[in-house]
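The residues making up each chain are set out below.
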Protein chains: 2
Amino acid sequence: LPRKLDRVPAIGWVGGPDGHAAVLDQTLLPGKVKVLRVTGHEAMRDAIRRLAVRGAPAIGIAAAYGVVLAARRTRARSAARFRSAMARAIARLESARPTAVNLSWALRRMERKLEDLFPGARELEAGREDAALREVAAGLLAEARAIHAEDEALCEAIGRHGAALLRSGWNVLTHCNAGALATGGSGTALAVVYSAAADGKDIKVFADETRPLLQGARLTSWELRRGGIDVTLICDGAAASVIASGKVQCVVVGADRIARNGDTANKIGTYGLAVLAREHGVPFYVAAPGTTFDLGIGSGSEIPIEERPADEVARSFGKRTAPEGVAVYNPAFDVTPARYITGIITERGVIRPPYTKNIARAFRPGVRGRSPPRRT
Amino acid sequence: LPRKLDRVPAIGWVGGPDGHAAVLDQTLLPGKVKVLRVTGHEAMRDAIRRLAVRGAPAIGIAAAYGVVLAARRTRARSAARFRSAMARAIARLESARPTAVNLSWALRRMERKLEDLFPGARELEAGREDAALREVAAGLLAEARAIHAEDEALCEAIGRHGAALLRSGWNVLTHCNAGALATGGSGTALAVVYSAAADGKDIKVFADETRPLLQGARLTSWELRRGGIDVTLICDGAAASVIASGKVQCVVVGADRIARNGDTANKIGTYGLAVLAREHGVPFYVAAPGTTFDLGIGSGSEIPIEERPADEVARSFGKRTAPEGVAVYNPAFDVTPARYITGIITERGVIRPPYTKNIARAFRPGVRGRSPPRRT
């Protein structure tokens, strides 16, 4: 990371198993830096739903910490009740948002850990229920912390592999926020920029403001400036002329879910950038960890696309900006077909077409580390 | 126009030569319908600059009324002073905004009228200076009213020619506002929709909100609802997936300046739509009157593109939405190369490629009415 990077973590855990999650409330940025003390899984679900914490890797971590909170806060004192309380909490966390696969990936991993710590046949010993459940929570916390620490390492590796693609003097266009604020580390798309800058390359960024919630304006430009990176903010509609005029040499975006064939769901507006990049011969890269791949689905058409409330568009920034009662269509994501993607920058290197073959090869189970999730 | 259309004129003139211009303050829509009483050319210039009145045809009309105001309010009582006051006023009005050619077209026409009314050699007769200047102002007002009335007729004709392109059941995507609020009549792109609806066709509209100033959210959705047209508002970034998913059968936009070869400047974001439309085999139409053509320039690269203040992007809706001091690039327009345009809907019919030949043929001077402007 650049020396100047002054990072405010998107999420963290304070204390031991009886502690709490600390969530940076990103809805208040850039005006206010406020860290929420999150003490229960419902509060964590709410933080995810209302985008206090957002970004595919970060919401995976948030959900994992949510499982720890559920384990510690439950009043169940029988094994059966504890198991059903945990199943309910996990289902609640999983329903917070549908598109990013990291959420269900992290929850599946926490479920497996729970099963290790508290196998199906086990009962709670009378008189020491609390101590036993505290041990389970401690084990779950260790797993959530591991997910968090691994994500930080994934960001580092993505940054390293991606930085090799950028030449000094290049301007990079990005969309939404795929930075430190979206992950447990330095980001995905922005890790590439940070890492290239740390290598001494002169890299400037054009950031799409990213309507409706302005993650580019509020988050990306904020964290890049803190990281000492030169950033210019543009409206989403200006990206086409910025690309056409030769102002950018490369587009790098994050991802919320990548299918087995490379089709990629990411923030609404990404697909349009991909088409424009190809039209102008500008390379278009997706940066994402293995945890964002969903090898259980064959193509982007199977990715569920979240639709968000009309008021995100019609009532912007606390003010009504469209007539009362106007119909709004507000999908939060779109799918970029793999054929528009120059390469997918992962912790295992840059995956190039043909994607079905090369994604399968990169994430062959057990060969070079943990494999990405398969939906059950 | 549909029976239900309840139109609030973008601009009008109240009274005789001593009257004033009435400008709907579009910056306050949709929250507030306020009509400004504009009594001088500087106030008109300000109304144009701050987009109280906007849209290429409407600012042409506004500038013409501005010339009347200048003639009537000047304190000059010698022919030489009157002429230089008028030249200064026209220059001020012309510098209000650079991209839409209708502004300079209307001013050139008012200059010619002024020369007719008050030829170069003429002096003011001592003792009846005021009466003479009032007569000049009356003549200028008649010309401005003619420009306004002609624009209304151009809108009607554009609507009629464009409506023939739309089939019942189609959804039309549009960008920014090219409606009644942008013209002296029923609009350009939206006239096509109104006219098709008046023919009994079932037409629905997807309206891009059009950042930064949200003309789609604030103006297009407002006037379409008043006109009884079904409209769905989307973020600019969502247009790509709306087009990709087959939700729209046609794109129709307005224009601010069209070069001799058909290259078209229009609101920032238009070019991206054109590329996406072609990628998905969706026809992409530009609707504009002859007054929007600039036959004095060979291609879009010669069109001056206005850059607007950073705060339109960084401080949205009265609230700071990006970090203090962030660099912003805020071009108000982009240029769509002619090769992406399926047809240009004008008052003389739909012009198809090859544009250089067919534009020249459609607007051959004197053949079928007034020819479009040539820059001097």
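These numbers were taken from a predicted model, which means no experiment stands behind them. (Residues numbered from 1 in each chain as written. Chains lettered and ligands numbered in written order. Predicted model: local features only at pLDDT ≥ 70, side-chain atom pairs only at ≥ 80, totals over all residues. Heavy atoms only, no water.)

### Thoughts on the pattern of salt bridges
Residue and element names in this part refer to chain A. Our working definition: One speaks of a salt bridge when a side-chain nitrogen belonging to Lys or Arg is within 4 Å of a carboxyl oxygen belonging to Asp or Glu.
Taken as a whole and assessed by the stated rule, the structure comprises 44 salt bridges over all chains. Arginine 50 is the partner of aspartate 46 in a salt bridge, and the nearest nitrogen-oxygen pair spans 3.7 Å. Here the salt bridges do not stand alone but share partners, grouping Asp18, Arg72, Arg77, Asp130 and Arg134 into one network.

### Focus: the environment of leucine 173 of chain A
All names here are of chain A. Quick reminder of the rule: Put simply, DSSP H or I for four residues or longer makes a helix, DSSP E for two residues or longer makes a strand, and each gets a number counted from the N terminus. Only protein chains enter the accessibility calculation, which uses a 1.4 Å probe; a residue whose area is less than 20% of its type maximum is buried, one above 50% is exposed, and one in between is partly exposed. The contact criterion used throughout is that any non-hydrogen atoms of two residues lie within 4.5 Å.
For leucine 173, the location among the structural elements is in strand β4 (residues 171-174). Judged by relative accessible area, leucine 173 falls into the buried class, the value being 0%. Between the C-alpha atom of leucine 173 and that of valine 8, which follows or precedes it by 165 residues, the distance is 23 Å. Leave out the neighbours within four places in its chain, and leucine 173 touches Phe206, Asp208, Ile234, Ala239, Ile243, Val248, Cys250, Val251, Val252 and Leu273.

### Examining the nonpolar core
The test is simple: Only buried residues count toward a nonpolar core, which is a set of Ala, Val, Leu, Ile, Met, Phe, Trp, Tyr and Cys residues joined through side-chain atoms within 4.5 Å.
The biggest cluster of nonpolar side chains holds 72 residues, and the ones touching the most others in it are Leu173, Phe284 and Ile344 of chain A together with Leu173, Phe284 and Ile344 of chain B. With near-sequence residues (within four places) excluded, isoleucine 344 of chain A lies in contact with Ile258, Gly262, Val286, Phe293, Gly349, Val350, Ile351, Tyr355 and Ile359 of chain A. The next biggest cluster of nonpolar side chains, apart from the first, holds 66 residues, and it includes Val172 of chain A together with Trp170, Ile203 and Val205 of chain B.

### Notes on the sheet that holds strand β1 (residues 11-14) of chain B
In sheet architecture, strand pairing relies on hydrogen bonds along the backbone and comes in two forms, parallel and antiparallel. Residue and element names in this part refer to chain B. Selection rule: Strand pairing is assigned whenever DSSP detects at least two bridges linking the two strands. Angular values range over 0 to 180 degrees, each being the angle between N-to-C directions of two axes fitted as lines to C-alpha atoms, with helices fitted over their stretch in contact.
What the 3 strands build is an open sheet, ordered β1-β2-β3; its pairing is antiparallel. The open sheet has two edge strands, β1 and β3 (35-38), and neither has a second partner. Strand-to-strand twist across the sheet, computed as the mean angle between neighbouring axes with direction ignored, equals 25°. Two strands pair when backbone bridges link them, and β1 and strand β2 (residues 20-24) are joined in this way by 4 bridges, in the antiparallel orientation. Bridge pairing in β2 places valine 14 opposite histidine 20.

### Side note on the side chain of glutamate 143 of chain A
Relative to the helices and strands, glutamate 143 of chain A resides in helix α5 (residues 129-163). Not counting residues within four places of it along the chain, the set of residues in contact with glutamate 143 of chain A comprises Arg109, Met110 and Lys113 of chain A.

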